[in-house]
Amino acid sequence: MGCAPSIHVSQSGVIYCRDSDESNSPHQTTTISQGTATLHGLFIKTDAAESIPSVLAYQSRQQPPPSAGPCRKERREPGASARARAPRCCGVEVETQTSNTSVKQASAKEVQIGPMRLTQDAIQVLLIFAKEDNQSDGFWWACDRAGYKCTIAQTPESALECFLDKQQEIIVIDNRNSRYFDAEGLCRSIRATKPSEHTVILAVVPRASTDQEETSVLPLLNAGFDRQFMENSSVAACYNELVQIEHGEVRSQFKLRACNAVFAALDHCQEAVEITSEDHVIQYVNPAFEEMMGYHKGELIGKELTELPKSDKNHVDLLDTINTFIKKGKEWQGVYYAKRKSGDSIQQHVKITPVIGQGGKIRHFVSLKRLHCTNENNKQLYKSHCEEKYTGENSQSESHSSKCKNRRKDSTDVKSITSQSSDAAPSLQTRRYSSMARIHSMTIEAPITKVINIINAAQENSPITVAEALDRVLEILRTTELYSPQLGTKVEDPHTSDLVGGLMTDGLRRLSGNEYVFSKNMNLSHSHLSVPNTISDVPPCIAQLLDNEESWEFNVFELEAVTNKRPLVYLGLKVFARFGVSEFLNCSEATLRAWLQLIEANYHSSNSYHNSTHAADVLHATAFFLGKERVKGSLDHLDEVAALIAATIHDVDHPGRTNSFLCNAGSDLAVLYNDTAVLESHHTALAFQLTTKDSKCNIFKNIDRNHYRTLRQAIIDMVLATEMTKHFEHVNKFVNSINKPMASEETSSHNEGSDCQCTANIKNFPDNQTLIKRMMIKCADVANPCRPLELCIEWAGRISEEYFAQTDEEKRQGLPVVMPVFDRNTCSIPKSQISFIDYFVTDMFDAWDAFAHLPVLMQHLANNYKHWKTLDELKCKSLRLPSENNN
């Protein structure tokens, strides 16, 4: 045997194999097989393909033997030893396989597309060159180097048939000379086939001379080419071109092909799926959507959602609510009425998910929809779905069981919602389905929705007792007062009951004709005492008291006495200077002084409790808390300034009456603020009105708009937090969002002995900073029981006197008495203090102490509570023990 064997196909379809050096001896010809053979210029299709030796179908490109005869055509790679390619025998192009080394390089590669992990096989390349030359050799050896499977064809017919069979990822077409074949026509022929949509076609064009202008690439692109390659036979140049194509277009096309699997899944999904653009133009609907809505996809794709008819059964602002959520990149889910093509309205459970794309912008919205069977149209559709799904079921009971499971999975049940028997009590199963229907009818979009869905899912596979308990849980979660504890046994204590009624409600009932109007204290002048120009101008007796203002033992009543009931201006100047408030606001000390004077003038000195002394006390407590290391490390300078301003204004123009009193009396403020957080809303609104109406007092005039908006919002939020109706909500949120996570972190980092990580985590979440500021001003506002005993007793007497005065006025005007126990003739102040500490103070300060570390305050609280308990046990209604009174 000399050269490689040649192949011949007779007219009758018989395949012959003969040695090349014995081709003149017909009797040496060996018949391999007889069958229906097709010769197509590259390889042979035949029924006997399995019988053809592999060396004929795929010739290994190894080093040829040294005695190779003239039938072998050698190709030399520049700088490499001679290698042999399988010979072309009788005009038949034989596909060649890469060498063993290259096969290792061509191992499958993993490609990631979203959550999918794909395996990409070795790249296949089809070279279409009418004549072999250095350029075709360059691409051949480049494929060898890259580890690609390479095939070469010389005619358009053989190239087209080869591509349809192998569907190569890259095709290189010689476009240098139109004498042999029409390259652009061949490209169009290939592009006319379906597999070509994932193929990259490269045109090899002649190199332009230096004096010749480079031709436009547009004709090639219009013909279907993806790229052009300027003639360059360098193997390195060809290799670089192919590798760039692989990592660019080929990799992208491979990922696009994988999307076919996703679309196949969508087409067979039982839930209706709709995909729209960011402008709400419909881009895709699956068959389940077509069936549900009665449209054909051709009627929908390309249309805007606004062009489709809408059901009038939805709440008027539901669409606005949905758009508000999804345009912020948040997922929305709830119940929505849609109108079918027939005009019927159907109720759907809808989940809309925004998809973020290029530039970090929302590029698509994906909607998942399923029927929510609570109306007749839904029942009919649902029934047809069930009948189709369960056609062929042999057992009626099995079919019924399957339908029930399907309904439970889709959270829809017709029978339990529409046809409960009036004779028998509803079964547990019915109650569970009813509960499920109620949950899905809720249209709130909040974390509580997720909680309800989780509970609902847990119900499905729970024992009867657990399912019944979860039903009760769901009923509780549907109420609005999630954070307000029920009094339970404490309701028997009239002091606790009255405090809750007076502090945590906005009024018992409205009586017509009873208007309570309090005087504006706009221009009151408390005394002849002059206000200092600067903090250094403070009289010595006042300065001496202020030296101790950083201590918790600071006596604000002494400051009240020496300042003729104007402690707020003096303490404010000292505290604001210590925290650099003027520097942050970029305002002069004179402006700050004028502002403090204006705010204090609008506190009512006639009030026994809610006066500027109380404001000064809350400011002092706030400044003390801001000095604690963990608080300081958790807040920014803006937060500190906001807290100090909020403490200063938090009760400005307080009438000495509760919100409940104002609502019952039908006051102007109650009407203005709709009986909701009446006083707290008034304090903030008035404070900003007073501040901004006069430039001499406007401490905000020199800060930029963005800082002002942020500061204003923080101040308003803190003042509103002092309103007691949401007391337990604020405390519970603080415990769950701050205390518990911090305790967990401290346990894990106990050996480090540092708070840095804890405070850093808090700073990373603005919501946590808001909770801290709310908790801080709430504790400062009711810190009286944590003050030294003498101060605590004084504050208890003052607040009691204010409540006594309110009760007296309620009786005079015939208004409902909000807190009957605060009758000056019968009230036990010790009992009222015990109830207040038990119900409002203890838990809140335990939580605040766990965060801010306040051992001195907690010791005072324990001592004061013991004092009140002792008085109560002695049936003493006064503020002090008899022995203390004698002294």
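Being a predicted model, the structure only gives us computed values, none of them experimental.

Enquirer: Would you explain the overall build of the chain in this entry?
Expert: Along the chain, the regular secondary structure elements total 36 helices and 21 strands. For the chain, buried positions account for 49% of its 887 residues. Sequence-distant contacts, at least 24 apart, represent 69% of the contacts inside the chain between residues at least 6 apart.

Enquirer: I keep staring at the pattern of salt bridges and nothing clicks. Help me out?
Expert: Pairs can form between side chains of opposite charge whenever their charged atoms are close. All told, the structure shown has 27 salt bridges when counted by the stated rule. The closest approach of N and O atoms between Glu629 and Lys632, which form a salt bridge, is 3.7 Å. Here Glu629 pairs with Lys632, and both are found in helix α24 (residues 629–634), just three residues apart, close to one helical turn. Classification of Glu629 by relative accessible area gives exposed; the value is 62%. For Lys632, a relative accessible area of 38% translates into the label partly exposed.

Enquirer: I tried to follow the side chain of Asp651 on my own but got confused; where do I start?
Expert: Counting through the fold element by element, Asp651 comes out in the loop between α25 (637–649) and α26 (659–665). Among buried charged residues, Asp651 stands out as having no salt bridge; its nearest opposite-charge side chain is Lys778, 12 Å away. A polar contact of 3.1 Å, which involves the side chain of Asp651, links it to the side chain of His614. Contacts of Asp651, omitting those with residues within four sequence positions, involve Tyr603, His610, His614, His683 and Asp781.

Enquirer: How do you make sense of helix α3 (residues 134–146) when you look at a structure like this?
Expert: Since there are 3.6 residues in each turn of an α-helix, residues three or four apart along the chain are aligned in direction. Across its 13 residues, α3 extends 18 Å between first and last C-alpha, which sits within 8% of the 18 Å expected from 1.5 Å per residue. Extensive coverage of α3 is indicated by the burial of eleven of its 13 residues. Within the sequence span of α3, burial applies to Gln135, Ser136, Asp137, Gly138, Phe139, Trp140, Trp141, Ala142, Cys143, Asp144 and Ala146. With a side-chain oxygen lying 3.1 Å from the backbone nitrogen of Gln135, the N-terminal cap of α3 falls on Asp133. Phi for Gly147, located one or two positions after α3, is positive at around 85°.

Enquirer: I would appreciate a short explanation of the packing of helix α32 (residues 766–781) against helix α34 (residues 829–852) in the present structure.
Expert: Think of two packed helices as two axes; the pair is described by the angle between the axes and how far apart they sit. Close contact between α32 and α34 brings their axes to 11 Å; oriented N to C, the two are set at 125°. Relative to α34, α32 is oriented oblique. In this structure, α32 crosses over α34, and the sense of that crossing is left-handed. In this structure, α32 contributes Ile772, Met775, Met776, Lys778 and Cys779 to the contact, and α34 contributes Met844, Phe845, Ala847, Trp848 and Phe851. Residue composition of the contact of α32 with α34, by class: nine nonpolar, no polar and one charged.

Enquirer: What is the right way to look at the nonpolar core in this model?
Expert: What tends to happen in soluble globular proteins is that the nonpolar side chains get buried as a cluster. Core analysis: the largest hydrophobic core is formed by 108 residues, its most contacted members being Leu585, Phe625, Ile715, Phe845 and Trp848. Looking at this core element by element, the count peaks at 13 residues for α34. Ignoring anything within four residues of it in the chain, the contact list for Trp848 reads Phe625, Val631, Phe734, Ile772, Met775, Met776, Cys779, His853 and Leu854. Core analysis: the second largest hydrophobic core is formed by 25 residues, Cys143, Ala146, Val172 and Phe229 among them.

Enquirer: Would you take a moment to explain the packing of aromatic side chains for this structure?
Expert: Enumeration over the complete set of coordinates arrives at 21 aromatic pairs. On the numbers, 5.0 Å between centres and 50° between planes, the contact of Trp552 with Phe624 is tilted. In this pair, Trp552 sits in the loop between α18 (540–546) and α19 (556–562) while Phe624 sits in helix α23 (residues 612–626), placing the two residues 72 residues apart along the sequence. As far as the burial class goes, Trp552 and Phe624 line up, both buried. Three or more aromatic residues link up through ring pairs in this structure, and these residues are Trp552, Phe624, Phe625, Phe734, Trp848 and Phe851. The ring of Trp552 carries Arg787 above its face, with NZ or CZ at 3.9 Å from the centroid.

Enquirer: What is the right way to read the layout of surface pockets from this model?
Expert: Rolling a probe over the atoms, with the probe sized like a water molecule, indicates the empty space that remains. The volume enclosed by the largest pocket comes to roughly 690 Å³. As for the largest pocket, its lining consists of 26 residues, and the residues nearest its centre are Cys259, Val262, Phe263, Leu266 and Ile275. If you list the elements that add at least two residues to the lining of the largest pocket, you get α7 (235–267), β17 (272–277), β18 (282–285), α8 (287–293), β20 (345–356) and β21 (362–371). When the residues that make up the lining of the largest pocket are grouped by side-chain class, the tally is 18 nonpolar, four polar and four charged.

Enquirer: So what exactly am I meant to see when it comes to the sheet that holds β21 here?
Expert: By definition, the strands of a sheet pair up through backbone hydrogen bonds, in either a parallel or an antiparallel sense. In spatial order, the strands read β18-β17-β21-β20-β19; together these five strands make up an open sheet with antiparallel pairing. The sheet is open, and its two borders are formed by β18 and β19 (332–339), each paired with just one other strand. The mean angle between the axes of side-by-side strands here comes to 30°, regardless of whether they run parallel or antiparallel. Summarising the sheet, β20 and β21 pair through nine bridges and their orientation is antiparallel. By the bridge assignment, Pro354 is partnered in β21 with Phe365. Contacting β19, β20 and β21, helix α10 (residues 318–327) crosses the sheet at an angle of about 135° to β19.

Enquirer: Help me out: how do you make sense of the side chain of Thr691 in this one?
Expert: Within the secondary structure, Thr691 is located in helix α28 (residues 678–693). With relative accessibility at 1%, the residue Thr691 sits in the buried group. In terms of polar contacts, Thr691 uses its side chain to reach the side chain of Trp595, at 2.8 Å.

Enquirer: I'm lost on the pairing of β18 in this one. Help?
Expert: A regular strand places its side chains so that they alternate between the two faces of the sheet. In this structure, β17 lies alongside β18, joined through three bridges in antiparallel fashion. Residue pairing across strands places Thr276 opposite Ile282, the latter belonging to β18. Here β17 folds back onto β18 in antiparallel fashion, the turn holding four residues, of which His280 has a positive phi close to 65°.

Enquirer: What am I meant to see in the sheet that holds strand β13 (residues 149–153) here?
Expert: Taken in spatial order, the five strands line up as β13-β12-β14-β15-β16 in an open sheet, and their pairing is parallel. With partners counted over all chains shown, the strands left at the sheet margins are β13 and β16 (227–230), one partner each. Taken over all neighbouring pairs, the strand axes of this sheet differ in orientation by 20° on average, direction set aside. In this structure, strand β12 (residues 124–128) lies alongside strand β14 (residues 170–174), joined through four bridges in parallel fashion. Counterpart to Leu127 in the pairing with β14 is Val172.

Enquirer: I'm lost on helix α33 (residues 789–813) in this one. Help?
Expert: With 25 residues, α33 should reach 36 Å at 1.5 Å per residue; the first-to-last C-alpha distance of 36 Å fits that figure. Looking one or two residues past α33, Gly814 carries a phi angle of roughly 70°, positive in sign.

Enquirer: Got a minute to help me understand the confidence of the model for the chain in this structure?
Expert: Predicted coordinates in regions of low pLDDT should not be interpreted in detail. Per-chain confidence: the chain averages 77 in pLDDT, with 70% of residues scoring 70 or above. Element-level pLDDT for the chain is lowest in helix α1 (residues 54–57), with a mean of 30, against a maximum mean of 98 in α23. When the criterion is pLDDT under 50, residues 1–105 qualifies, and its contacts beyond four places in sequence or with other chains add up to 174 contacts. For the stretch residues 508–529, pLDDT sits under 50, and the model shows 65 contacts to residues farther than four places along the chain or on other chains.

Enquirer: Explain the pairing of β19 to me, please; I cannot follow it from the model alone.
Expert: Counting buried residues in β19 gives seven out of eight residues, a clear majority hidden from the surface. Across eight bridges, β19 lies against β20 in antiparallel orientation. Paired with Lys339 across the bridge in β20 is Ser345.

Enquirer: Can you walk me through a nonpolar patch on the surface in this structure?
Expert: On the surface, Val217, Leu218 and Leu221 cluster together to form a nonpolar patch covering roughly 240 Å² of accessible area. When you line up the elements, Val217 lands in the loop between β15 (200–205) and α6 (218–223).

Enquirer: It is not clear to me how unusual backbone geometry should be interpreted in this structure. Could you clarify?
Expert: Most peptide bonds take the trans form, and the phi angle of most residues other than glycine is negative. The phi dihedral of His280 falls on the positive side, at around 65°, and the residue is not glycine. Positionally, His280 belongs in the loop between β17 and β18. Its identity is not glycine, yet Asn564 carries a phi of approximately 55°, on the positive side. Along the polypeptide, Asn564 turns up in the loop between α19 and α20 (567–578).

Cut-offs applied
Residues numbered from 1 in each chain as written. Predicted model: local features only at pLDDT ≥ 70, side-chain atom pairs only at ≥ 80, totals over all residues. Heavy atoms only, no water. Helix = DSSP H or I, 4+ residues; strand = E, 2+ residues; numbered from the N terminus. Buried < 20%, exposed > 50% of the residue type's maximum accessible area, 1.4 Å probe, protein only. Contact = heavy atoms within 4.5 Å. Salt bridge = Lys/Arg side-chain N within 4 Å of Asp/Glu carboxyl O. Lys, Arg positive; Asp, Glu negative; His and termini not counted. Polar contact = N/O pair within 3.5 Å; in protein donor to acceptor, adjacent residues only side chain to side chain. Expected span 1.5 Å × (residues − 1). Axes fitted to C-alpha atoms, helices over the stretch in contact; angles between N-to-C directions. Parallel < 35°, antiparallel > 145°, perpendicular 65-115°, else oblique. Left-handed = near helix turned anticlockwise from the far one by under 90°. Nonpolar A, V, L, I, M, F, W, Y, C, P; charged D, E, K, R; others polar. Core = buried A, V, L, I, M, F, W, Y, C linked by side-chain atoms within 4.5 Å. Phe/Tyr/Trp six-rings, centres within 6.5 Å; stacked < 30°, edge-to-face > 60°. Lys NZ or Arg CZ within 6 Å of the ring centre and 35° of its normal. 1 Å grid on protein atoms, 1.4 Å probe; cavity = no way out; pocket = protein on both sides within 12 Å on 5 of 7 lines; lining within 4 Å. Points joined across faces, edges and corners; volume = space filled by probe spheres on them. Pairing = 2+ DSSP bridges. pLDDT = per-residue confidence, 0-100. Patch = residues over 30% accessible without salt bridge, like charges linked within 9 Å, V, L, I, M, F, W, Y side chains within 5 Å. Areas by Shrake-Rupley, 256 points an atom, 1.4 Å probe, with all protein chains shown as cover.

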